[in-house]
Structures are given as C-alpha cells and as structure tokens.
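Okay, here's what each chain looks like letter by letter:
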Amino acid sequence: LIEKVEVIRGARAAHYGSDAISGVIAITTRQVKRTELSAKTGSHGFAETTLNGRYQVADAQLFATVGYSRADGIHVMDKANHDRDGFKQRYAKVGASSETELGFLQWTSHLTRGFSEYDAHPTYGGTDDAKSQQDLHRLEWRFPQQLAGKQLLSHRTHLALSRDDSLNYGNNSPATRFQTQRRELDYQANYVLHSELSLLAGVNHVNDEVESPSTKF
C-alpha cells in the first residue's frame, strides 16, 4: 500500500546513506490509522494471517503487526525423506515514533519464530528439521539542523541489536546450534554546500559474535 513515490537526485539523496550516489527512489507506504486483518491461502497447505494497526497518541504514533504463516510443502525427495519440506512461522513487529522540535525518533522491535523441514543428503544423511529465532531491536534519530535560516546540516543515527538462534536436528543425527549477535552504532552528518553538492561524514561501529555449543568465534 503506497502513499507516494519520490525520485530524489543530487545532494538530498545523501540523506539516505553513503550508497545513494546517483539518486534515490523513496517509496512512502500508507500510514494506516486503524486496525486491519488480512488472510491469504494457496496450494500445498499455504496459509497466512496478519493483523496490523497504527494509532496516533498525542505526538506519538504507535504501530504493531502480528502474523502467522504455514505451508505443508512438497515431497522433494520421496525415497530419502518422509517429510514434505513445510514450514511454520510466527512474527510480530511493534514500535513507536515521534517527531518534535528535537527531531524524529523511532523505535522498532521485530521478533520471528520459525520451524522448517528440509531434505538431508540421500547418501551422507544429516539433520532435516530446523527451528529458528530472530530478534531485531532498532532505535533511530534524525534531526535537520538549520544554519543561517536554511536547512544545511542534517544528523542521522541509529542503534541496533539483533540476535539469531538456529537449531538443526532430526533424522537421528546430532543436533547443531548456532547463535549470533550483532550490535551496531551508526552516525551520519550531511552538510549541503549547494543543490548539487554536499559533504557526508559519519562513523559506524559493528560488533559481531558467533557461538555454537562446541566452538566459539
């Protein structure tokens, strides 16, 4: 559901990051201020249900989405595996945003829980089921600063924390588990010299951790 599409060229495109060299196509989705329920169905047992809502409370917007999807899958390797390579997934996204004289502030959390089946190697064997868990939390701040009565300097920063937990098991094989975690801090400042030229500077710090029950990296 799209509210507007903007083609941004020149110095303003740098506001969207260092990769926006030649320009940006900015797609703004429709801001829903009510509750919506949607359902989908398809072949091979596919079904999906989503409930989302967005509401205004004083100067803040609150939004949330919860959903569930599943599928029976298909028999890819009938002789090697008895399962149908299906999946089940639950997800939720919640957050809030506010825009004041101190800038735009937004927090979001995205949580996903899933189960899937797949085929092990017909000769060497291996696991054929998997459970997964992904959590992403993000805090973003944007502030357009006016100098000499003009919007010449803009600040953009975000803090993010993500966790992934993956467990593979089944088929009478030893289970394997991997857990990853990422912490990120990013800050960018964009100074507009004129309509076709701007200076962009920033700093980015990322810390990744990967761990398994038997090995640490």
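Described below are features of the structure shown in this document. Quick caveat, the model's predicted, so the values are computed rather than measured. (Residues numbered from 1 in each chain as written. Predicted model: local features only at pLDDT ≥ 70, side-chain atom pairs only at ≥ 80, totals over all residues. Heavy atoms only, no water.)

Another aspect to go through is the overall build of the protein. The secondary structure content of the protein amounts to 0 helices and 11 strands. The secondary structure elements of the protein, listed N-terminal to C-terminal, are β-β-β-β-β-β-β-β-β-β-β. Classification of the 217 residues of the protein by burial places 26% in the buried group. Here the analysis covers contacts within the protein between residues at least 6 apart in sequence; of these, 48% occur between residues at least 24 apart. (Helix = DSSP H or I, 4+ residues; strand = E, 2+ residues; numbered from the N terminus. Buried < 20%, exposed > 50% of the residue type's maximum accessible area, 1.4 Å probe, protein only. Contact = heavy atoms within 4.5 Å.)

This next bit is on the pattern of salt bridges. For the coordinates displayed, the defined rule picks out 8 salt bridges. We note a salt bridge from Arg 156 to Glu 140, for which the minimum N-O separation is 3.3 Å. Here Glu 140 lies in strand E8 (residues 129–147) and Arg 156 lies in strand E9 (residues 150–169), a separation of 16 residues in the sequence. The exposure class assigned to Glu 140 is buried, which follows from its relative accessible area of 7%. For Arg 182, the salt bridge is made with Asp 208, and the minimal N-O distance between the two is 2.7 Å. Pair noted here: Arg 182 is in strand E10 (residues 176–194) and Asp 208 is in strand E11 (residues 197–211), with a separation of 26 residues, a long-range link. (Salt bridge = Lys/Arg side-chain N within 4 Å of Asp/Glu carboxyl O.)

Moving on, we get to the pairing of strand E3 (residues 35–41). Each regular strand shows side chains that alternate between the opposite faces of the sheet. With 0 of its 7 residues buried, E3 lies for the most part at the surface. In terms of strand pairing, E3 meets strand E4 (residues 47–57) through 7 bridges, oriented antiparallel. The residue bridging Glu 36 from the neighbouring strand is Asn 52, located in E4. Counting the residues in the hairpin turn of E3 and E4 gives 5 residues, including His 44, whose phi is positive at 55 degrees. (Pairing = 2+ DSSP bridges.)

Here we come to the environment of Tyr 55. Secondary-structure assignment places Tyr 55 in strand E4. Among all residues touching Tyr 55, those that are not within four sequence positions of it are Lys 33, Arg 34, Thr 35, Ala 60, Gln 61 and Leu 62.

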